[in-house]
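Here is how the chains run, residue by residue.
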Amino acid sequence: MIPNELIRFKQIGQKIIVLTAWDSISSGIVEEAGADIVLVGDSLAMVALGHATTLPVTLEQMLHHAQAVERGFKKPLTKQPLIVCDLPFLSYQCGEEHAVAAAGSLLKNSSTCAVKVEGAQPETLSVIKRLIRAGIPVMGHLGLTPQSVHQLGYRRQAEDKISQEHILSEALDLEKAGCFAIVLEHIPSEVTGHITNILKIPIIGIGAGEDCDGQVRVTADLLGLSLKQPPFSKPLISGRELFIQELKKWVEVERH
Ligand code: KIV
């Protein structure tokens, strides 16, 4: 499958499942669990590297993790999930050619088949169009965009009428620019539903309700491994507690 074919999922009403992975262990697990797309999200800056925000992670680190993620897949090539990798902060904000080189290096040196880019400002739209002309599929990301944390915080977005109209027009701009899908993060579910109905490309939500074409989750949050759980991503299990308890038992046994 190629990213543009995901539109078929929307047309036949099959939900798209996206899970993040940051290394070979996590990618093997999410592949086995049935994810359609594995996102090497820049959330790995917080989840795996211990940073307070996603800003410090570099392109080289993203590539390193994308390569680890692809090595974790065990299914035959045609059955493996697609790998989408985040373009980290400042790898696409400093001009189109810089962005093509950054995204190109991910596609050239790993099995990444598409990149995700936050926002839809005029400069970002130009970058997205340039990437697509260079043969690099792009997934958009609107709503809570963590690379703009110092402007938006981690608050829910699109709360009032004006910002709801704005996010719809940004989503339309991203579709027109050629994005194959858009992530909507932490916005009211009725806004997600409205955008999902209007756009032809798939809308993938996180903290954005059920009224969309798919869901994306940070796997560490779902498994209860993250120290700071986002309020909109409830853990399925208390993974951290479970691991600590089991390891404590082992430590006790080995000590005596
Ligand atoms: O970096 C990430 O994991 C993401 C998801 C939250 C969509 O962008």
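A quick note: this is a predicted structure, and the numbers were derived from the prediction, not measured.

**Some thoughts on the overall build of the protein**
Part 1: In terms of helices and strands, the protein carries 11 helices and 8 strands.
Part 2: A compact globule built from 256 residues should have a C-alpha radius of gyration of about 18 Å, and the protein, at 18 Å, falls within 12% of that.
Part 3: In terms of principal-axis extent, the alpha carbons of the protein reach across some 65 × 40 × 40 Å.
Part 4: Within the structure as shown, the protein displays about 12800 Å² of accessible surface, and the carbon and sulfur contribution to it stands at 58%.
Part 5: Within the protein, the 29 negative side-chain charges are centred at a point lying 2 Å from the centre of the 24 positive side-chain charges.

**Notes on the site of the ligand**
Part 1: Taken together, Thr20, Leu39, Gly41, Asp42, Ser43, Asp86, Lys116, His141, Glu185, Ile206, Val216 and Val218 make up the full set of residues near the ligand.
Part 2: Between the ligand and aspartate 42, the relevant distance is 3.1 Å, taken from an oxygen atom to a side-chain nitrogen or oxygen of the residue.
Part 3: Separating an oxygen atom of the ligand from a side-chain N or O atom of lysine 116 is a distance of 2.7 Å.
Part 4: When the ligand is considered free in solution it has 260 Å² of accessible area, and contact with the protein chains removes 96% of it.
Part 5: One can see that the ligand is located within the largest pocket.

**Structural notes on the pairing of strand β7 (residues 203–206)**
Part 1: Burial along β7 is two-sided: the residues Ile203 and Gly205 and Ile204 and Ile206 are all buried.
Part 2: Taken together, the 4 bridges between strand β6 (residues 181–185) and β7 define a ladder with parallel strand orientation. Within β7, the position partnered with isoleucine 182 by the bridge is isoleucine 203.
Part 3: For the crossover that starts at β6, traverses helix α9 (residues 189–198) and ends in the parallel β7, the hand is right-handed.
Part 4: Pairing of β7 with strand β8 (residues 214–217) involves 2 bridges; the strand directions are parallel. Among the inter-strand pairings, isoleucine 204 is bridged to a residue of β8, identified as glycine 214.

**Section: the layout of surface pockets**
Part 1: One number sums up the size of the largest pocket: a volume of about 850 Å³.
Part 2: Lining the largest pocket are 37 residues, with Ser43, Met46, Asp221, Lys228 and Pro230 sitting closest to its centre.
Part 3: Looking at the lining of the largest pocket, the elements that each hand over two or more residues are α3 (44–47), β4 (112–118), β6 and α10 (219–222).
Part 4: Tallied by class, residues from the lining of the largest pocket come to 19 nonpolar, 10 polar and 8 charged.
Part 5: Elements that contribute at least two residues to the lining of the second largest pocket include exactly α6 (122–133), β5 (138–143), α7 (149–152) and α8 (161–177).
Part 6: Considered class by class, the residues forming the lining of the second largest pocket number 8 nonpolar, 15 polar and 3 charged.

Calculation notes
- Residues numbered from 1 in each chain as written.
- Predicted model: local features only at pLDDT ≥ 70, side-chain atom pairs only at ≥ 80, totals over all residues.
- Heavy atoms only, no water.
- Helix = DSSP H or I, 4+ residues; strand = E, 2+ residues; numbered from the N terminus.
- Rg over C-alpha atoms; globule rule 2.2 N^0.38 Å.
- Areas by Shrake-Rupley, 256 points an atom, 1.4 Å probe, with all protein chains shown as cover.
- Lys, Arg positive; Asp, Glu negative; His and termini not counted.
- Charge placed at Lys NZ, Arg CZ, Asp CG, Glu CD.
- Near = heavy atom within 4 Å.
- Polar contact = N/O pair within 3.5 Å; in protein donor to acceptor, adjacent residues only side chain to side chain.
- 1 Å grid on protein atoms, 1.4 Å probe; cavity = no way out; pocket = protein on both sides within 12 Å on 5 of 7 lines; lining within 4 Å.
- Sits in = over half its atoms within 2 Å of the grid points.
- Buried < 20%, exposed > 50% of the residue type's maximum accessible area, 1.4 Å probe, protein only.
- Pairing = 2+ DSSP bridges.
- Right-handed = clockwise from strand over helix to strand, strands pointing away.
- Points joined across faces, edges and corners; volume = space filled by probe spheres on them.
- Nonpolar A, V, L, I, M, F, W, Y, C, P; charged D, E, K, R; others polar.

Honestly, that's just the spatial picture; any functional story needs more than this.
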